[in-house]
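The lines below spell out each chain.
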Amino acid sequence: MHFSIPETESRAADGANAAYVAYNIHVNGVLHCQVRYSQLLGLHEQLRKEYGANVVPAFPPKKIFTLTPVEVEQRREQLEKYMQAVRQDPLLGGSEIFNSFLRKAQQETQQIPTEEVQLEVLLSNGQTVKVNLLTSDQTEDVLEAVASKLDLPEDLIGYFHLFLVREAKDGAFSFIRKLQEFELPYVSVTSLRNPEYKILLRKSYWDSAYDDDVMEQRVGLNLLYAQTVADIERGWILANKEQHRQLKSLQEKVSKKEFIRLAQTLKYYGYLKFDPCVTDFPEKGCHVIVGAGNSELNFQVKLPSDQIKEGSFKVTRMRCWRVTSSVPVHNGTSGPAGSKSEVKLELAFEYLMSKDRLQWVTITSPQAIMLSICLQSMVDELMVKKSGGSIRKMFRRRANGGLQRSDSQQAVKSPPLLDSPDGSRDSLTKVASKLSSVSLRAISHSSSATDIGANNFHGNYAFEGIGDEDL
């Protein structure tokens, strides 16, 4: 997650003449909450009390006198680094103290009272699941409610997750991010004030071997089947005419397991595809479609010569990666006067191209955060497998008891039959068409307050390097 405090606001204190400075905390370039220095100091003291002064990062000191504009800017930078350092620490960033602070601040900033509401959650086949919950319910609560509505067994909840997506006019989805434990899904989606943003339920794992666990139970099978059909329809999974004919035949027979088994053999099964964007590999300014899956990032690159080339970067050969933000340049300025500059995001990873040769590869995309989340989850999954563990787990129970089941369950509808593919449409032609619509925006590479510091590098514990046998 990219935490930043790009700006401050002067506010009049309630019931007094004195003013105070409010700090706008952004997550992934979007305002999450607005807090005062005293609130962040309170968070710091709670963390110190729970985990000790030697674990918690240093906090900007109090000042006796009113801050000058220069001191306000210095404090903003210090607080930004502090929040980034806390979030990057697995112990502190995953603590309930930190997450509950952000949830409460998010709700207060958006001025959404705690009340009962109905939230719509989409399934991969376009079906809507309506769940009743509180506006203050966190991501885990909402996932529980959706699982309850669908009658998904408790031990399978961990195989699925909620994602924030943006729905295009043609019905396609752009994945923005996984919903995190520090946010309130209802508040997150409604505060965007755009009906194109939705919450989507999708499987959370990468290794298709875990499909066996999910297919053991009826609801899990139906969810995985609906997702697989949708991925084939949107072209994320590639199938030739004969494979398409076999898939349609299995659909007509309602042979869901056999359908998924066949799909598992197809190219890009289980991959998450991203919107067309820009990369500097193999040269600067190349348009690319990135796919994440099978422990790799797959590139379909359009070269300046209009030639389409495909290649993959294995996660086990990425030494580390980072996400940075910057502001687009317009005629040498940071944006039109009076307008808010849209934050541009980049994902860069250091890749072992050959023995003893590391090279940075950069992707410029609004979905850079989601790409980073995908890399981290693939690494986590590889490490679990390497240690002999399993992702099968019981969903964390509440202190007051087990999962509350809804009185009324909702079935997952079977998707319509697949349409026959058009043999005249070549896959490379479709890729080229998508890539041609990408515009390369100028990016300011100068250091700025919104850039992520060095402590936001993601080290890769699954990094294996290259042996002589690989060369």
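Coordinates for the structure precede this section.
Not measured: the values here are computed from a predicted model.

A. Just the pattern of salt bridges, in detail. Inspection of every chain in the model, using the stated rule, returns 20 salt bridges. Look at the salt bridges and you will find they share partners, linking Glu73, Arg76, Glu77 and Glu80 into a network.

B. Representation of the pairing of strand S13 (residues 308-314) in the model. In the sheet, strand S12 (residues 296-302) pairs with S13 via 7 bridges, with the strands oriented antiparallel. If you follow Asn298 over to S13, its bridge partner there is Ser312. In this antiparallel pair of consecutive strands, S12 and S13, the connection spans 5 residues, and Asp306 shows a positive phi of 75°.

C. Representation of helix H11 (residues 368-386). Its 19 residues place the ends of H11 27 Å apart at the C-alpha level, agreeing with the 27 Å of an ideal helix rising 1.5 Å per residue. All of the buried residues along H11 are Ala368, Ile369, Met370, Leu371, Ser372, Ile373, Cys374, Leu375, Ser377, Met378, Val379 and Glu381. After H11 finishes, the residue Gly388 shows a positive phi value of roughly 85°.

D. View of the pairing of strand S7 (residues 173-178). Counting buried positions along S7 gives 5 out of 6 residues, so the element sits mostly inside the fold. Looking at chain direction, strand S6 (residues 160-167) and S7 are connected through 5 bridges and run antiparallel. Bridge pairing in S7 places Val165 opposite Phe175.

E. Local environment of the packing of helix H1 (residues 37-51) against helix H4 (residues 96-110). In the contact formed by H1 and H4, the axes pass within 10 Å of each other and the chain directions differ by 160°. Comparing the axis directions of H1 and H4 gives the class roughly antiparallel. At the point where H1 passes H4, the crossing takes the right-handed sense. Note on element contacts: H4 touches H1 through Ile97, Phe98, Phe101 and Glu108, opposite Gln39, Leu40, Leu43, Gln46, Leu47, Glu50 and Tyr51. Among the residues forming the contact of H1 with H4, the class breakdown is 7 nonpolar, 2 polar and 2 charged.

F. Highlighting unusual backbone geometry. The step from Phe281 to Pro282 runs through a cis peptide bond, and the omega angle for that step is 5°. One can find Pro282 in the loop between strand S10 (277-279) and strand S11 (286-293). A positive phi is found at Gln111, a non-glycine position, where the angle reads about 55°. In this fold, Gln111 is placed in the loop between H4 and strand S4 (116-122). What makes Gln111 exposed here is its relative accessible area of 69%. The phi torsion at Tyr268 lies on the positive side, around 70°, for a residue other than glycine. Relative to the assigned elements, Tyr268 resides in the loop between helix H10 (256-264) and strand S9 (272-273).

Scoring rules and cut-offs
Residues numbered from 1 in each chain as written. Predicted model: local features only at pLDDT ≥ 70, side-chain atom pairs only at ≥ 80, totals over all residues. Heavy atoms only, no water. Salt bridge = Lys/Arg side-chain N within 4 Å of Asp/Glu carboxyl O. Pairing = 2+ DSSP bridges. Helix = DSSP H or I, 4+ residues; strand = E, 2+ residues; numbered from the N terminus. Expected span 1.5 Å × (residues − 1). Buried < 20%, exposed > 50% of the residue type's maximum accessible area, 1.4 Å probe, protein only. Axes fitted to C-alpha atoms, helices over the stretch in contact; angles between N-to-C directions. Parallel < 35°, antiparallel > 145°, perpendicular 65-115°, else oblique. Left-handed = near helix turned anticlockwise from the far one by under 90°. Contact = heavy atoms within 4.5 Å. Nonpolar A, V, L, I, M, F, W, Y, C, P; charged D, E, K, R; others polar.

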